Amino acid sequence: MNNLSPAEMVLMRKAGQITRDALNYVETLIKPGISTLELDKFAKKFIIDSGATPSFLNYEGYPASICASVNDMVVHGIPSDKIILKEGDIISIDLGVIYKGYNGDAARTFPVGKISPEKARLIEVTKQSFFEGIKHLKVGHRLGEVGHAIQEYAESHGYSVVRELVGHGIGKKMHEPPNVPNYGKVTDGPLVTENACLAIEPMINMGKRGVWLLEDGWGVITQDGLPSAHYENTVHVTREGVEILTL
Ligand code: MF3
Ligand code: CO
């Protein structure tokens, strides 16, 4: 687990703020008729104009600045001019930036126009599962307490937790040890240490947990075709509590 200095945390906070601001900006653009490629172009410009770099662009060959995952797409949807948002869709936007060498990473699921109560509940429960998880993110406790709480909360609402993708340490690199699963036992994982930065990111399916990887090598979709939601923040663990850097 990383251990960032106060000087490094100044830069992590700035990276987190740009990440949050970019997500909030993308949210204002979401409406029926816009393509996910247009969202990507606007997000990229916003990030660069903010003095940061889109961390996803060219990451292991990823071709865009955001992931835009509609309805049954769980994560890593590649933006496309062929994917046009329509009323009733939900769209998960995942976005990361590098500011002066430090990373911010966050995701939200947004409604497109008016959505069904079922989809609205999925978005709310996914978001709340993150907050249930970080209640258990404490110095000296097992990291597994976090995933256990997320899983318990999501499953108690009749949903399932994606297992193939997990949260992660974050700092000078977007992905650092340890893995942060959104499921498991309270006795799993390492002990949480002071001044660690982590990206906690539940991916919750309305139906069964199984997923497929698309032939583009990135997109992850639900096997049962039911919707999925994503909620992620970059957080900093201190003795006083958890500081959310991307909210
Ligand atoms: N933001 C994703 C994560 O939370 C990573 C996106 S993969 C990328 O770990 F290739 F798009 F960057
Ligand atoms: Co992440």
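Rules and cut-offs
Residues numbered from 1 in each chain as written. Chains lettered and ligands numbered in written order. Predicted model: local features only at pLDDT ≥ 70, side-chain atom pairs only at ≥ 80, totals over all residues. Heavy atoms only, no water. Helix = DSSP H or I, 4+ residues; strand = E, 2+ residues; numbered from the N terminus. Rg over C-alpha atoms; globule rule 2.2 N^0.38 Å. Buried < 20%, exposed > 50% of the residue type's maximum accessible area, 1.4 Å probe, protein only. Contact = heavy atoms within 4.5 Å. Areas by Shrake-Rupley, 256 points an atom, 1.4 Å probe, with all protein chains shown as cover. Lys, Arg positive; Asp, Glu negative; His and termini not counted. Charge placed at Lys NZ, Arg CZ, Asp CG, Glu CD. Near = heavy atom within 4 Å. Polar contact = N/O pair within 3.5 Å; in protein donor to acceptor, adjacent residues only side chain to side chain. Nonpolar A, V, L, I, M, F, W, Y, C, P; charged D, E, K, R; others polar. Pairing = 2+ DSSP bridges. Axes fitted to C-alpha atoms, helices over the stretch in contact; angles between N-to-C directions. Donors = N, O, S within 2.8 Å, 3.2 Å for Na, K, Ca; no water. Tetrahedral: all angles 85-135°; square planar, octahedral: opposite > 155°, others 65-115°. Core = buried A, V, L, I, M, F, W, Y, C linked by side-chain atoms within 4.5 Å. Expected span 1.5 Å × (residues − 1).

What follows covers the overall build of the chain. For the chain, the helix and strand inventory stands at four helices and 15 strands. Relative to the compact-globule value of 18 Å for 247 residues, the chain shows a C-alpha radius of gyration of 17 Å, a close match. Seen through its principal axes, the chain has C-alpha atoms that stretch 45 × 40 × 30 Å. Buried positions account for 53% of the 247 residues belonging to the chain. For the chain, contacts bridging at least 24 residues in sequence account for 71% of all contacts bridging at least 6. Summing over all exposed atoms, the chain offers an accessible surface of approximately 10,600 Å²; the carbon and sulfur share of this is 55%. Each charge class in the chain was averaged separately, 25 positive and 30 negative side chains, and the resulting centres sit 3 Å apart.

Around ligand 1 sit 13 residues in total, of which F56, D94, D105, H175 and E201 are the nearest. One of the side-chain nitrogen or oxygen atoms of H168 is found 3.2 Å away from an oxygen atom of ligand 1. Separating an oxygen atom of ligand 1 from a side-chain N or O atom of E232 is a distance of 3.2 Å. Here ligand 1 loses 96% of its free accessible area of 330 Å² to cover by the protein chains. Across the shell around ligand 1, the residue classes break down as six nonpolar, three polar and four charged.

What follows covers the sheet that holds strand β12 (residues 220-222). Neighbouring strands of a sheet are bound in pairs by backbone hydrogen bonds; such pairs are parallel or else antiparallel. Reading across from one edge, β3-β12-β11 is the order of the three strands in this open sheet, with antiparallel pairing throughout. The open sheet has two edge strands, β3 (73-75) and β11 (211-213), and neither has a second partner. Pairwise comparison of adjacent strand axes, ignoring direction, gives a mean angle of 40° for this sheet. Bridge count between β11 and β12: three bridges; the pairing is antiparallel.

Moving on: the coordination of the cobalt ion (ligand 2). All of the protein donors around the cobalt ion (ligand 2) are D105 (OD), H168 (NE2), E201 (OE) and E232 (OE); their distances to the metal are 2.1 to 2.2 Å. For the cobalt ion (ligand 2), the six donor atoms in the first shell make angles of 47 to 175° at the metal, so the coordination geometry reads as irregular. Between the donor residues of the cobalt ion (ligand 2), the gaps in sequence give the motif D-x62-H-x32-E-x30-E. In this pair, D105 is assigned in strand β5 (residues 102-111) and E201 in the loop between β9 (197-200) and β10 (203-205), connecting sequence segments 96 residues apart. Each member of the pair, D105 as well as E201, is classed as buried.

Another aspect to go through is the nonpolar core. Core analysis: the largest hydrophobic core is formed by 24 residues, its most contacted members being I30, L39, L85, I91, I93 and L95. Contributing elements (two or more residues each) for this core: α1 (6-29), α2 (36-49), β2 (66-70), β4 (90-99) and β5. For this core, the element with the most residues is α1, which contributes six residues. For L95, the residues in contact, after removing those within four places along its chain, are T19, A22, L23, V26, A43, I47, F56, I66, G104, D105 and A106. With 13 residues, the next largest nonpolar core counts F130, I134, I200 and V237 among its residues.

Attention now moves to the side chain of E132. Tracing the backbone shows E132 in helix α3 (residues 117-134). Among residues more than four places away in sequence, those in contact with E132 are A149 and Y153.

Taken together, the three bridges between strand β7 (residues 167-169) and strand β8 (residues 176-180) define a ladder with antiparallel strand orientation. Within the sheet, the bridge partner assigned to H168 lies in β8 and is N179. What sits between β7 and β8 in their antiparallel hairpin is a turn of six residues.

For α2, which comprises 14 residues, the first-to-last C-alpha distance of 20 Å matches the rise-based estimate of 20 Å (1.5 Å per residue) to within 8%. The elements touched by buried residues of α2 are α1, β1 (53-54), β2 and β4. Looking at the residues trailing α2, positive phi occurs at G51, about 85°.

That's the geometry; what it means functionally is another story.
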